[in-house]
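Overview (structure and organization)
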Amino acid sequence: MCLFIETIRIDHGRVCNLSRHNRRLNDTRAHFWPESTPLQLSDYLSSPGCGAGITGAGIVKARVVYGEKGIEDLSYSPYAVRHVHSLALMQADTIDYTYKSAGREPLNCLFALRGACDDILIVKQGLLTDTSIANIALSDGTHWYTPAHPLLKGTKRAALLEEGILQEKDIRPEDLPSFSTVRLFNAMIDWGELELPVRNIIP
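Residues numbered from 1 in each chain as written. Predicted model: local features only at pLDDT ≥ 70, side-chain atom pairs only at ≥ 80, totals over all residues. Heavy atoms only, no water.

1. Considerations on the domain arrangement of the protein chain
- Along its sequence, the protein chain is carved into domain 1 (2–76) and domain 2 (85–198).
- A C-alpha centroid distance of 23 Å is found between domain 1 and domain 2.
- Across the domain 1/domain 2 interface, buried area totals approximately 1,400 Å², and carbon plus sulfur atoms make up 60% of it.
- Per-residue buried area on domain 1 facing domain 2 is highest for Arg 9, Arg 20 and Arg 24; these three make up 43% of the total on that side.
- For Glu 162, the salt bridge is made with Arg 20, and the minimal N-O distance between the two is 2.8 Å.
- For the interface between domain 1 and domain 2, the tally reads six residue pairs in polar contact (both at pLDDT 80 or more).
- For the side of domain 1 that touches domain 2, the elements supplying multiple residues, two or more each, are β1 (4–11), α1 (18–32) and β3 (59–67).
- When residues of the side of domain 1 that touches domain 2 are assigned to their parent elements, the largest contribution, six residues, is made by α1. (Domains from an automatic or database assignment. Buried area = accessible area lost by both parts, 1.4 Å probe. Salt bridge = Lys/Arg side-chain N within 4 Å of Asp/Glu carboxyl O. Polar contact = N/O pair within 3.5 Å; in protein donor to acceptor, adjacent residues only side chain to side chain. Helix = DSSP H or I, 4+ residues; strand = E, 2+ residues; numbered from the N terminus.)

2. Points about the packing of α1 against helix α3 (residues 155–162)
- Running from amino to carboxyl end, α1 crosses α3 at an angle of 120 degrees, the nearest separation of the two axes being 9 Å. The pairing of α1 with α3 is recorded here as oblique in orientation. Two packed elements cross with a definite hand, and for α1 against α3 that hand is right-handed. Residues Arg 20, His 21 and Arg 24 of α1 form the contact with α3, whose participating residues are Thr 155, Ala 158, Ala 159 and Glu 162.
- The class makeup of the residues in the contact of α1 with α3 is two nonpolar, two polar and three charged. (Axes fitted to C-alpha atoms, helices over the stretch in contact; angles between N-to-C directions. Parallel < 35°, antiparallel > 145°, perpendicular 65-115°, else oblique. Left-handed = near helix turned anticlockwise from the far one by under 90°. Contact = heavy atoms within 4.5 Å. Nonpolar A, V, L, I, M, F, W, Y, C, P; charged D, E, K, R; others polar.)

3. Structural notes on the pairing of strand β8 (residues 135–139)
- β8 sits mainly inside the fold: five of its five residues count as buried.
- Of the two faces of β8, both are covered, the one formed by Asn 135, Ala 137 and Ser 139 as well as the one formed by Ile 136 and Leu 138.
- Pairing geometry for β8 and strand β11 (residues 181–185), over five bridges, is antiparallel. Paired with Ser 139 across the bridge in β11 is Thr 181.
- Summarising the sheet, β8 and strand β9 (residues 144–147) pair through two bridges and their orientation is antiparallel. Across the sheet, the residue bridging to Leu 138 is Tyr 145, located in β9. (Buried < 20%, exposed > 50% of the residue type's maximum accessible area, 1.4 Å probe, protein only. Pairing = 2+ DSSP bridges.)

4. Quick look at the nonpolar core
- Ranked by size, the top nonpolar core spans 20 residues in total, and within it Leu 87, Leu 128, Leu 138, Val 182, Leu 184 and Ile 201 carry the most contacts.
- Listing elements by their share of this core, those giving two or more residues are β5 (87–91), β6 (119–124), β8 and β11.
- Setting aside chain neighbours within four positions, we find Leu 138 in contact with Leu 128, His 143, Trp 144, Tyr 145, Ile 171, Leu 176, Phe 179, Thr 181, Val 182 and Val 198.
- Leu 39, Leu 45, Tyr 66 and Tyr 76 belong to the second-largest nonpolar core, a separate cluster that totals 13 residues. (Core = buried A, V, L, I, M, F, W, Y, C linked by side-chain atoms within 4.5 Å.)

Below, the structure written as structure tokens:
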């Protein structure tokens, strides 16, 4: 059975970026099951303490699993950012994660090869893409650039592009010395919450 996920940040009771999560969910369902009826995530998301044992939690992760029949599972858990101090460059020319699938085996296999690094930065067809869990942006001291061809077009990435905070650009490993800082971000990791020096990207 083909299943997909949306991971949604709930910040002190406020559901973040819900419209973009809803759009991606319905775009995915329409792609794989053209006859599917659009869903509204707001009909399923409840207050984070309801039956989840996390009343009063600050940042909560809502994990929505869905497929052809609709929402298959919904769970809530407290969230804390996993610190990343180093990234291993990892070549993977055939990897495809266009849709946020629940099946992450190719990503998990690459992650297992990271050695002493905390995470990986995947290079596909000579271009930087994403880490195992996050989109990235690189700063040259003036502007922030994000890879124009990520593995997954994240909801937070879409918001940052729309707000003019990010610019898309093809970035190759050999371009890295032109940048000073790399930021990791996704639906759960807020902009500016996780960054490291580019020198900590290990070839």
